[in-house]
Structures are given as C-alpha cells and as structure tokens.
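# Examining the three-dimensional arrangement
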Amino acid sequence: MRQKIVAGNWKMNKNYEDGLTLAKDVIEGLTVDHCTVVLGTPFIHLKAVSEIVKNVENVYSSAQNCSSEPEGAYTGEVSAEMIKSSGADYIIIGHSEWRAYFNEADEVLAKKIDLTLQNNLIPILCCGETLEERETEQHFTTVKRQINNALFHLSEDQLKNIVIAYEPVWAIGTGKTATPEQAQEMHQHIRSLISDRFGDGIADDLSILYGGSCKPSNATELFSQKDLDGGLIGGASLNASDFIEIIANLKDY
Ligand code: PGA
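Heads up: these notes are all about the structure in this document. (Residues numbered from 1 in each chain as written. Predicted model: local features only at pLDDT ≥ 70, side-chain atom pairs only at ≥ 80, totals over all residues. Heavy atoms only, no water.)

### Quick word on the nonpolar core
Among the nonpolar cores identified, the biggest contains 69 residues, and Ile-147, Leu-151, Ile-164 and Ile-194 are the most heavily contacted of them. It is helix 9 (residues 180-198) that contributes the most residues to this core, six residues altogether. Residues within four places of Ile-194 in sequence aside, it is in contact with Ile-147, Leu-151, Phe-152, Leu-159, Ile-164, Gly-199, Ile-202, Ala-203 and Leu-206. (Core = buried A, V, L, I, M, F, W, Y, C linked by side-chain atoms within 4.5 Å. Buried < 20%, exposed > 50% of the residue type's maximum accessible area, 1.4 Å probe, protein only. Helix = DSSP H or I, 4+ residues; strand = E, 2+ residues; numbered from the N terminus. Contact = heavy atoms within 4.5 Å.)

Below, the structure written as structure tokens:
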C-alpha cells in the first residue's frame, strides 16, 4: 500500500527552544490517522524532537542530511549511524540546496542512500530541475539522471524503503508552485522510471512527495493528483497551524 506522507523541512530555522515548541505545537494540534507526518529538523534538535514524537502514532523525526562516509576524520559531519542513535527514522537526501551550494554530486548521494539504508533509516531522496532546465525542456532528462544515479544500484527490497520528493528548484522558497498538472506529469514520469527498473508493484507502492512553495491554499489541488502522495514542506512547516492544515488537506486523497 502506498503511504501518504507530509514531511516538514525546517532547514536552518528555529533555535533549540523554538524548535521544540514548534514540534510540541504540531503534535498537540494533530489528529492523524490518514498519513505519516515527518519533522525534518536541524541536527541540534533531532534527539529531543525524536523523544517528543516517540510515542505519538504516525509521527516521526528526520535529519536533513548525513555524511557520505560512515565515520572518521570528517570534522563537522554527522553520520547516518549517529542520526539513527538519536532516535530519528528518516533522512532527507539530495536536497537541491545541497546540490547547489555544496556541489553535491549524484555519486555522493548514492553513498548517502546506502548508508541511510544500512542504518535502517528511510531516505527521502529529493530530485528536481532548475528553471533553466525546465525552460529548455530538459526537466524529464534531469530527473531521470538524478533518480538513475542515486537509486538504480539498489535491490528491489531496498527500493521498498525509499521515499522520493520531487522539488522543482524554481518553486522552492519562491512562492511559485508547479501547477498540479506539471507536478502530476513529473510524478508519473518518476513512477514509470521506477516501474521500468524495479517493476510495477514496487512503483505502485512508492510514495512520491511534492515540494516547492506548498502551502494550505494550494495543497488540496496538488494532493488531488493521482501520483502525488503528500508533500515536503519548507517555509509552511515553520508555522504549526499552516503545517497542520496542509496535513489535513491530504485527508481526502
Ligand atoms: P518551500 O521548501 O516549501 O519553502 O518551498 C520546500 C523544500 O525546500 O523542501
């Protein structure tokens, strides 16, 4: 069964106290039995947020990145194993901000995916084209390359533990959202890539989230598309009531 998921990506926002308040406010306002909710926090908050969500049904915590190395002399890095030991369940991998600002290449992402899975964590792999790539009609090719390089070395069993987030770079934090039709055709494209490589059953069960200026006012329309299984929410996840409203919008789909 395909899982519905709404994941928040706090990025580099909220100090420790404010982050814990946000997590508690989300939990208090939530009544979720229709989907999985994930809180993607900075490392600093991860252990405490994991404790907060530990006994709350359907709610999990996530890191926003991990090292591509298992351990060792990598000053400032945080390993997948450390993340696991904090009580988290997910890691966001390959966010476009990492790809753009830290030149994160697909080969590095494949290593991060492997470490995430080895540590029994679920990767949320981000993919998506830049504005230039969309304008020159390379968006399908770009996403195909990203999916291929990060995931196609995995086994069918491993693929069952993957979540994909399609986030067109031009829609992230810009207020510009992909139209429901643009999102749907890319989600369908991603599902068919997975189907070609891993088979229909695995593709049907794969959760594909949309991210990029998703907010309460546009979530319903986006979520109504048949290949959208939820959202990866940046800005709007920093406000508990907006985030809760987005989650509620997924209820009917
Ligand atoms: P946004 O960010 O919702 O603020 O556009 C989404 C993301 O980067 O994951």
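### Focus on the packing of helix 7 (residues 139-151) against helix 9
Helix 9 packs onto helix 7 with a crossing angle of 40° between their chain directions and a minimal axis gap of 10 Å. With respect to their mutual orientation, helix 7 and helix 9 come out oblique. The interaxial crossing formed by helix 7 with helix 9 has right-handed handedness. On helix 9, the residues that touch His-139, Phe-140, Val-143, Lys-144, Ile-147 and Leu-151 of helix 7 are Glu-185, Met-186, His-189, Ile-190, Leu-193, Ile-194 and Phe-198. Its residues assigned to classes, the contact of helix 7 with helix 9 shows nine nonpolar, two polar and two charged. (Axes fitted to C-alpha atoms, helices over the stretch in contact; angles between N-to-C directions. Parallel < 35°, antiparallel > 145°, perpendicular 65-115°, else oblique. Left-handed = near helix turned anticlockwise from the far one by under 90°. Nonpolar A, V, L, I, M, F, W, Y, C, P; charged D, E, K, R; others polar.)

### A look at the pairing of strand 4 (residues 90-93)
Every regular strand shows the same layout, with side chains that alternate between the two sheet faces. Burial along strand 4 is two-sided: the face carrying Tyr-90 and Ile-92 and the face carrying Ile-91 and Ile-93 are both buried. Sheet analysis places strand 3 (residues 59-63) next to strand 4, joined by two bridges and oriented parallel. Residue pairing across strands places Ser-62 opposite Tyr-90, the latter belonging to strand 4. Note on the crossover from strand 3 through helix 3 (residues 80-85) to strand 4: the handedness is right-handed. (Pairing = 2+ DSSP bridges. Right-handed = clockwise from strand over helix to strand, strands pointing away.)

### Examining the site of the ligand
Around the ligand sit Asn-9, Lys-11, His-95, Glu-167, Ala-171, Ile-172, Gly-173, Gly-212, Ser-213, Leu-232, Gly-234 and Gly-235, and that is every residue in its neighbourhood. Interatomic distance of 3.3 Å between a side-chain N/O atom of Asn-9 and an oxygen atom of the ligand. With the chains in place, 95% of the 280 Å² that the ligand exposes on its own is no longer accessible. The residue inventory of the shell around the ligand, partitioned by class, reads three nonpolar, seven polar and two charged. (Near = heavy atom within 4 Å. Polar contact = N/O pair within 3.5 Å; in protein donor to acceptor, adjacent residues only side chain to side chain. Areas by Shrake-Rupley, 256 points an atom, 1.4 Å probe, with all protein chains shown as cover.)

### Quick word on the packing of aromatic side chains
Per the counting criterion, the structure on display carries four aromatic pairs. Arranged with centres 4.3 Å apart and planes meeting at 45°, the rings of Trp-98 and Phe-102 form a pair that is tilted. On the basis of relative accessible area, Trp-98 is assigned to the partly exposed category, the value being 27%. For the ring pair Phe-152 and Phe-198, a centre distance of 5.8 Å and an interplane angle of 85° mean the geometry is edge-to-face. In this pair, Phe-152 is assigned in the loop between helix 7 and helix 8 (156-159) and Phe-198 in helix 9, connecting sequence segments 46 residues apart. (Phe/Tyr/Trp six-rings, centres within 6.5 Å; stacked < 30°, edge-to-face > 60°.)

### Observations concerning the packing of helix 5 (residues 106-118) against helix 7
In contact at an axis separation of 7 Å, helix 5 and helix 7 are set at 45° when each is read in the N-to-C sense. In terms of orientation, helix 5 and helix 7 fall into the oblique class. In the crossing of helix 5 with helix 7, the sense of the turn from one axis to the other is right-handed. Along its contact with helix 5, which presents Asp-106, Glu-107, Ala-110 and Ile-113, the element helix 7 presents Arg-145, Gln-146, Asn-149, Ala-150 and Leu-151. Partitioned by chemical class, the residues of the contact of helix 5 with helix 7 number four nonpolar, two polar and three charged.

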